[in-house]
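Read off the chains here:
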Amino acid sequence: MHADVHPDLAKLSFLLGRWEGVGVAGYADEEEFQFGQEIVFEHRPDLPYLEYRSSAWRMNADGTLGDLVTEESGYWRALSEEDTANREEGAPVIHLEVLITHNEGFLESYAGNVFANRVEMATDAVLHTSTGLDVTASHRLYGLFGDNRETLGYAWDLAARGHSLRSYMSAQLKQVGKGAEER
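First, a word on what this report is: a plain description of the structure on this page. (Residues numbered from 1 in each chain as written. Predicted model: local features only at pLDDT ≥ 70, side-chain atom pairs only at ≥ 80, totals over all residues. Heavy atoms only, no water.)

## Concerning the overall build of the protein
Inference 1: Check the secondary structure of the protein and you find 1 helix and 10 strands.
Inference 2: Put simply, the protein runs from its N terminus to its C terminus through helices and strands in the order β-β-β-β-α-β-β-β-β-β-β.
Inference 3: Against the compact-globule benchmark of 16 Å for 183 residues, the protein has a radius of gyration of 17 Å, which places it among compact chains.
Inference 4: Overall size of the protein, expressed as C-alpha extent along the three principal axes, is 45 × 40 × 30 Å.
Inference 5: Within the protein, the proportion of its 183 residues that are buried is 42%.
Inference 6: A fraction of 45% describes how many contacts in the protein between residues 6 or more apart in sequence connect residues 24 or more apart.
Inference 7: In the structure as shown, the protein presents an accessible area of about 9,800 Å², 49% of it carried by carbon and sulfur atoms.
Inference 8: Charge centroids of the protein, computed over 15 positive and 31 negative side chains, lie 3 Å from each other. (Helix = DSSP H or I, 4+ residues; strand = E, 2+ residues; numbered from the N terminus. Rg over C-alpha atoms; globule rule 2.2 N^0.38 Å. Buried < 20%, exposed > 50% of the residue type's maximum accessible area, 1.4 Å probe, protein only. Contact = heavy atoms within 4.5 Å. Areas by Shrake-Rupley, 256 points an atom, 1.4 Å probe, with all protein chains shown as cover. Lys, Arg positive; Asp, Glu negative; His and termini not counted. Charge placed at Lys NZ, Arg CZ, Asp CG, Glu CD.)

Written out as structure tokens, the structure reads:
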């Protein structure tokens, strides 16, 4: 971990950097398709949150990137050990709070936990504009896997357009940069 990373981010430091890869998406009323994706997790010195950006493009038949599918950005805020320890009896352990804004006109607020190199989070609130995608809930898993834990995998389940929570997107990405410090 970098010396200037806030101590509360230690449990999330495995996410830091720029990740690229491919995945598959589809929904109840959409045909499945492959996409290419870039995800960036960056930090600012001594602040207890990560900046997050993600873009996904539909894959063309020749394997090149095509049309933009979705973009999102936000902040992943780590809770301090004190915040985590001061929860009510029987309440779930919350290690992080996440805000993600989507170009489709909705914003998600997540609460989640971190265990080793794995994050699981679910929405506790969703807002959307009058013309935004009608999303009511989301659930996401992120984690490192592979022999050397070199692959970032994720799965995103979504409840939208009157459908219950169901699989929406998943991908496997490789780290291609360490983020802002490489620039």
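## Section: the nonpolar core
Looking at soluble globular proteins, one finds that nonpolar side chains tend to be buried together.
Inference 1: Counting residues in each nonpolar core, the largest one holds 39 residues, and the members touching the most others are L12, L15, F41, W76, V119 and Y154.
Inference 2: A total of 5 residues in this core trace back to one element, the largest contributor, which is strand β9 (residues 151-160). (Core = buried A, V, L, I, M, F, W, Y, C linked by side-chain atoms within 4.5 Å.)

## Some details on the environment of A78
Inference 1: Note on placement: A78 falls in strand β4 (residues 65-78).
Inference 2: For A78, a relative accessible area of 5% puts it in the buried group.
Inference 3: Expressed as a C-alpha distance, the spacing of A78 and A10, which sit 68 residues apart in the sequence, is 9.0 Å.
Inference 4: Apart from residues no more than four positions distant in its own chain, A78 is found in contact with D8, L9, L12, P48, H95 and L96.

## Observations regarding unusual backbone geometry
Inference 1: The phi torsion at A116 lies on the positive side, around 55°, for a residue other than glycine.
Inference 2: Within the secondary structure, A116 is located in the loop between β6 (106-115) and β7 (118-128).

## What to know about the sheet that holds β7
Inference 1: Spatially, β1-β2-β3-β4-β5-β6-β7-β8-β9-β10 is the arrangement adopted by the 10 strands of the closed barrel, whose pairing is antiparallel. Pairwise comparison of adjacent strand axes, ignoring direction, gives a mean angle of 25° for this sheet.
Inference 2: By the bridge criterion, 10 bridges tie strand β8 (residues 135-145) to β9 in an arrangement that is antiparallel. Its bridge partner being in β9, L144 is matched across the sheet by L152. (Pairing = 2+ DSSP bridges. Axes fitted to C-alpha atoms, helices over the stretch in contact; angles between N-to-C directions.)

## Digging into empty space enclosed by the protein
Inference 1: What the rule picks out here adds up to 1 cavity of 30 Å³ or more.
Inference 2: Volume-wise, the largest cavity comes out at about 40 Å³.
Inference 3: Looking at the lining of the largest cavity, the elements that each hand over two or more residues are β3 (49-59), β4, β8 and β9.
Inference 4: A breakdown of the residues in the lining of the largest cavity according to their chemical character gives 5 nonpolar, 3 polar and 2 charged. (1 Å grid on protein atoms, 1.4 Å probe; cavity = no way out; pocket = protein on both sides within 12 Å on 5 of 7 lines; lining within 4 Å. Points joined across faces, edges and corners; volume = space filled by probe spheres on them. Nonpolar A, V, L, I, M, F, W, Y, C, P; charged D, E, K, R; others polar.)

## Here's the deal with the environment of Y49
Inference 1: Within the secondary structure, Y49 is located in strand β3.
Inference 2: Along the chain, Y49 and E97 lie 48 residues apart, while their C-alpha atoms are 9.3 Å from each other.

## Some details on the pattern of salt bridges
Inference 1: Under the defined criterion, the tally for this structure stands at 11 salt bridges.
Inference 2: A salt bridge links R161 to D29; its shortest N-O distance comes to 2.7 Å. With R161 in the loop between β9 and β10 (166-177) and D29 in the loop between β1 (17-27) and β2 (30-43), the pair connects residues that are 132 residues apart, well separated along the chain.
Inference 3: Here R161 falls in the partly exposed class, since its relative accessible area comes to 34%.
Inference 4: With relative accessibility at 48%, the residue D29 sits in the partly exposed group.
Inference 5: Here E120 ties to R118 by a salt bridge, and the two come within 3.3 Å at their closest N and O atoms.
Inference 6: With relative accessibility at 38%, the residue R118 sits in the partly exposed group. (Salt bridge = Lys/Arg side-chain N within 4 Å of Asp/Glu carboxyl O.)

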